[in-house]
Amino acid sequence: MKASKPASRRMKARLEAGLQLLAPATVVVAVGIGSSYVSSSNEIYFLNALVSVAIVVAIYVFVGNSGVLSFGQISFVAVGAFTAGVMTIPLESKLGVLPELFPLLREHTIGNVASLGLAAAVGGAFAFVVGLPLMRLSGLAAGIATFAVLEITHNVLREWVKIGPGATTLSLVPETTGALQATVGALVVVSVAFAYQRSRLGRLLRASREDAAAAQGVGVSVHRQRLWAFTLSGALAAFAGALLVHLLGSITTEQVYLELTFITLAMLVVGGLTSLWGAVLGALLVSGLDSFLSEAEQGVKVGFVVDLPQGSRLVFLGAIMALMLILRPVGITGGREFSLRRRRGAPA
Amino acid sequence: MTGPGLIAALDAQTVADAVGLGAVYALMAVGIGLVFGVLRLINFAYGQLVMAGAYTLAFTSDWPVAASIAACFVVVIALSLAMERAVFRPLRTQSPAVMLVTTFAVAFFLQSVALLIDIGDDTIGEPAASVASLNQAIDVGGVDVRKITIVAVVTAVVALSLLAILLARTSIGLHMRAAAADFQTARLVGVRANTVIGFAVLLSGVLAATVAVILTVQFPLVSPDFALRDTIVVLVGVVVGGIDRLWTATLGGFTIGFASGIINGALPTDETVFLPSAVFALVILVLLLRPAGLFARGPSSGVERV
C-alpha cells in the first residue's frame, strides 16, 4: 500500500490539473449551448460574452503570467479585427467600399476560417516586433509604453486608408461568428492559454513574476520569457479580434480602443488577475452583468420587474465594478485556479 | 505684415499658447504626483475631478463669478476627499495594478453619472461661460496672447511656488516628503498616515478645481469626457518625466503640454494626422532609454530593467 501512495498522489495532481482546464471549458460550452436556447435578440449577449472571454484570456496570457500591466493588448485585437475584416469582404463589394486599398489587399479575399488564422499570424508577428524592445521595461514604464503602442495602432488604423477603412466604418464583413464558432473560438483560446501556463516556458515566466531577481539568478531570461508570452498573447488577441469582427459584421477603430481596453482589464481584475479561471469568470460575469443591465433598461422580469431608467446601465456597471474591486481586490477567484478543495493561505 | 514677420509672430503665438497648455498640464501633473507620492497610486479618475468642477461651473453659470468658482472648489474638494475615503483607503495595501484598474472603474462610474445628469435636458454638453471674458486676447509686444494663458501661467507659477514653500518649510510638508520617501519608516517615527494622505488628496483636489476653472475658459462646452484626453496625456507625461519625484513629474507634465502645443501650432492641418504616432513613438523611445524618467537623476531604485 505504501508504495502506491506517490502514484496515487500523482494521479490526484493530474486530475486536479485536468479540472483546471475542464472547469473553464465547461462554462464556455455551457454559455455556447445556452445561446441556442434563447431568443435571437438575446443570442448576441451570449456570443458577446464568449468573444469577451477570448479577449480577456488573451490579455491574461501576458498580464496574468508575467505580472506586467499592459494597456496595449487591445491594439492586437484591433489588428486582428481589421485584418480579418478587410480580407473577408466579398471582392465585388470591396472595390466600392475600400477603393484606396493596396492592390494586394483589394484583389484578394479569403475564407472565414483562414481569416481567423491570418489574423492570429499577423497579430503574433506585430506583437513580437513590438515586444522585442518593449519587454525590457517593467512596472509603470511598461504600462505607459504599451499604452503608446495602443495609441500608435489606433492612429495608423484610423488614418491610413491603404490598409483599411480609415475613420469610416468597416462594413459588409460576413457575420460568421455564430454559436459554434464563438464557442470553439473561446475554447481554442482557453486551451492554448492553459497549455502555455502548464508548459516549461509558462512556468519560467510565472517564476519571474513572483521574483524577477531570483528567477534571473537561476538562469531565467526574463526578457525572452516575457517576449514569448507577449507574442502568444498578441496572436490570441488578434484571433479574438477576428471573432469579434465576424460577430458584429462592421467595426470602427473607436470600438477597439480605450473603452475596450479599460473594460477588459476590469474584467480580468474582477475575476482575479493571476488565474485562467479568474479571466474566464471575470469576462462572463461582467459581460453578463452588462447584458442584464441593458435589458433592465427596457424592463425585465426576474420574479419581480426590474425597470431601470434609460442611460443608467453604465452608472450601475461602473459602480458594481468599482465596488467589487474595493470589497474584493484579489478578484472573485482570488487569483487561484479552479479546485474542488477549499484552500486557505496565500494564492499559488 | 510681410512673410518672415508673419512666421515670427506665429511662432511667438504658438510658443505663448504652448506655454499656457504646459502650465495647465503641470498643475495636473502635480495633482497626480502628490497622491502618487504618498499612496503609490496613479489616480486615473483625476480627470473626472476636473470634469466635475467644469460641470459645477456650467450649472452655476448664472451665479456671480466668485460664487460659481467657489462652488467649483467645494464640489471638487469634497469629491476628492470622498474618493480617498471610499476608494483609496480600502485599497492602500493592494498592488498598483489593482489600484489603477479600480480608479478606471471609478472614472467610468463618474463619467456615466455625468452623462446621466447631462442628458436631463436632452442635449449632451453644457456651456460654462462665467469667466469667458478671459478668453479675449490682449496685445503683448505684437503677439496676441489670450488673457487666460497669462492667468494659467501665473496661477501655475504661484501654485507651484506655494507648494514648494509648503513642502520645504512646514511640518505637514516635511511629513509628506517623508511619507513619499518611505511610508513605512515615516509612520514608525510618528507621521500620521491618514493626515498626510488626506492633505495630499486635499491639495490635489484644489489643483483639479483650479485646472477646471482654467480649462472651461479655453473649452467652454463641458461634456462627460471633459479633460479625459488631457488626463491621459498628463499621465504619460508624468511617467516619461519621472513619477518617483514630484518635480520631475511636474516637469514631465509641462514638457508634454508644451511639446503638444508647439507641434500642434507649428504644422499645417493636413500633415498632423499621424502626429499622435510620432509623439507616442518618441514616448516609447524615451522610456526605453530612460525608464526611470527623462529628468530623473541617476539610476532609480524603484524601476528595474530586465
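Because the structure is predicted, anything quoted here is derived from the model rather than measured.

Cut-offs applied
Counting starts from 1 at the beginning of each chain's written sequence and moves along it residue by residue. Written order decides the labels, with chains lettered from A and ligands numbered from 1. Thresholds applied to this predicted model are a pLDDT of at least 70 for local features of residues and 80 or more for the giving and counting of side-chain atom pairs; totals over whole chains, interfaces and linings are not thresholded and use all residues. Helix and strand assignments come from DSSP, with helices taken as H or I runs of at least 4 residues and strands as E runs of at least 2, each series counted from the N terminus. A pair of residues counts as a contact when their C-beta atoms, built from backbone coordinates, are separated by no more than 7 Å. To get the radius of gyration, use the C-alpha atoms; to get the globule rule, take the number of residues to the power 0.38 and multiply by 2.2 Å. Field definition: a residue is buried when 20 or more other C-beta atoms are found within 10 Å of its C-beta, exposed when 12 or fewer are, and partly exposed for counts in between, with C-beta atoms placed from the backbone. Gly is put with the polar residues, along with every residue not named as nonpolar or charged; the nonpolar set is Ala, Val, Leu, Ile, Met, Phe, Trp, Tyr, Cys and Pro, and the charged set is Asp, Glu, Lys and Arg. In this description, a nonpolar core means buried residues of the types Ala, Val, Leu, Ile, Met, Phe, Trp, Tyr and Cys, linked to one another by C-beta atoms lying within 7 Å. A helix is expected to reach a length of 1.5 Å times the quantity of its residues less one. Along the chain, pLDDT gives the predictor's confidence residue by residue, from 0 to 100. Throughout, an axis means a line fitted to C-alpha atoms (over the contacting stretch in the case of helices), and angles, computed between N-to-C directions, take values from 0 to 180 degrees. Small angles under 35 degrees read as roughly parallel and large ones over 145 as roughly antiparallel, with 65 to 115 read as roughly perpendicular and the rest as oblique. At any given residue, the bend is defined as the angle formed between two axes, one fitted to the seven residues that end at that position and one fitted to the seven that begin there.

Observations concerning the overall build of chain B
Phase 1: Assigned secondary structure in chain B consists of 11 helices and 4 strands.
Phase 2: On the principal axes, the C-alpha backbone points of chain B span a range of 65 × 50 × 35 Å.
Phase 3: Long-range pairs, those at least 24 residues apart, make up 75% of the contacts in chain B with a sequence separation of at least 6.

Here's the deal with the overall build of chain A
Phase 1: Helix and strand counts for chain A come out as 14 helices and 2 strands.
Phase 2: Since a compact globule built from 348 residues should have a radius of gyration of about 20 Å, the 21 Å found for chain A is in line with a globular shape.
Phase 3: Dimensions of chain A, computed from the C-alpha atoms along their principal axes, are close to 75 × 55 × 40 Å.
Phase 4: The buried share among the 348 residues of chain A stands at 51%.
Phase 5: A sequence separation of at least 24 residues applies to 78% of the contacts in chain A between residues at least 6 apart.

Describing the environment of Gln184 of chain B
All names here are of chain B.
Phase 1: Within the element layout of this structure, Gln184 appears in helix α7 (residues 183–188).
Phase 2: Owing to 8 C-beta atoms within 10 Å, Gln184 belongs among the exposed residues under this scheme.
Phase 3: The sequence separation of Gln184 and Leu166 amounts to 18 residues, and the corresponding C-alpha distance is 22 Å.

Describing the interface of chain B and chain A
Phase 1: Across the boundary between the two partners, chain B contributes 36 residues, which contact 36 residues of chain A.
Phase 2: The set of elements that each furnish at least two residues to the side of chain B that touches chain A consists of α4 (96–118), α9 (228–241) and α11 (275–289) of chain B.
Phase 3: Here the side of chain B that touches chain A gets 13 residues from one element, more than from any other, and that element is α4 of chain B.
Phase 4: Here the side of chain B that touches chain A is composed, by residue class, of 30 nonpolar, 4 polar and 2 charged.

A look at the nonpolar core
Phase 1: Membership of the largest hydrophobic core comes to 209 residues, with the highest contact counts inside it found for Val57 and Ala240 of chain A.
Phase 2: The biggest single contributor to this core is helix α1 (residues 3–39) of chain B, with 18 residues.
Phase 3: When sequence neighbours within four positions are dropped, the list of residues in contact with Val57 of chain A reads Val189, Val190, Ala193, Leu276, Ala279 and Val280 of chain A.

Regarding helix α5 (residues 147–169) of chain B
Phase 1: With 23 residues, α5 of chain B should reach 33 Å at 1.5 Å per residue; the first-to-last C-alpha distance of 32 Å fits that figure.
Phase 2: Inspection of α5 of chain B places Ile148, Thr149, Ala152, Ala156 and Leu167 of chain B among the buried residues, and these make up the whole buried set.

Let's talk about the confidence of the model for chain B
All names here are of chain B.
Phase 1: On average, residues of chain B score 86 in pLDDT, and 91% of them are at 70 or above.
Phase 2: Below a pLDDT of 50 lies the segment residues 1–6, which in the model reaches 2 contacts outside its immediate sequence neighbourhood of four places, other chains included.
Phase 3: Scoring the predicted complex yields pTM 0.89 and, for the interface, ipTM 0.86.

Section: the packing of helix α8 (residues 179–198) of chain A against helix α11 (residues 222–248) of chain A
Residues and elements named next belong to chain A.
Phase 1: Where α8 contacts α11, the two axes come as close as 11 Å, and the packing angle between them is 170°. The orientation of α8 with respect to α11, classified from their angle, is roughly antiparallel. Taking contact as the criterion, the partners of Gln181, Ala182, Gly185, Val189, Val192 and Tyr196 in α8 are, on α11, Leu232, Leu236, Phe239, Ala240, Leu243 and Leu247.
Phase 2: In the contact of α8 with α11, the residues fall into 10 nonpolar, 2 polar and no charged.

Some words on helix α2 (residues 40–66) of chain A
All names here are of chain A.
Phase 1: The end-to-end C-alpha separation of α2 is 39 Å, in line with the 39 Å expected for 27 residues at 1.5 Å each.
Phase 2: At Tyr60, α2 shows its strongest bend, of approximately 40°.
Phase 3: Buried residues dominate α2, accounting for 21 of its 27 residues.
Phase 4: After α2 finishes, the residue Gly67 shows a positive phi value of roughly 75°.

A closer look at unusual backbone geometry
Phase 1: Residues other than glycine seldom take positive phi values, yet Leu172 of chain A does so here, at roughly 65°.
Phase 2: By the element assignment, Leu172 of chain A lies in the loop between α7 (139–159) and α8.
Phase 3: Its identity as a non-glycine residue notwithstanding, Arg40 of chain B has a phi of 55°, on the positive side.
Phase 4: Inspection of the secondary structure assignment puts Arg40 of chain B in the loop between α1 and α2 (46–59).

Some words on the packing of α2 of chain A against α11 of chain A
Residues and elements named next belong to chain A.
Phase 1: It is the contact of α2 with α11, at a shortest axis distance of 8 Å, that shows an interaxial angle of 170°. When the axes of α2 and α11 are compared, the pair comes out roughly antiparallel. Residues Leu47, Val51, Ala54, Ile55, Ala58, Ile59, Val61, Phe62, Asn65 and Ser66 of α2 touch α11, and the partners they reach there are Arg226, Ala229, Phe230, Leu232, Ser233, Leu236, Ala237, Ala240, Leu243, Leu244 and Leu247.
Phase 2: In the contact of α2 with α11, the residues fall into 17 nonpolar, 3 polar and 1 charged.

Overview of the environment of Trp160 of chain A
Phase 1: When you line up the elements, Trp160 of chain A lands in the loop between α7 and α8.
Phase 2: Judged by the 14 C-beta atoms lying within 10 Å of it, Trp160 of chain A falls in the partly exposed class.

Focus on the environment of Phe147 of chain A
Phase 1: In this fold, Phe147 of chain A is placed in helix α7.
Phase 2: On a C-alpha basis, the gap between Phe147 of chain A and Ile74 of chain A in space is 9.5 Å, while along the polypeptide they are 73 residues apart.
Phase 3: In contact with Phe147 of chain A, not counting residues within four places along its chain, are Phe71 and Gly72 of chain A together with Val236 of chain B.

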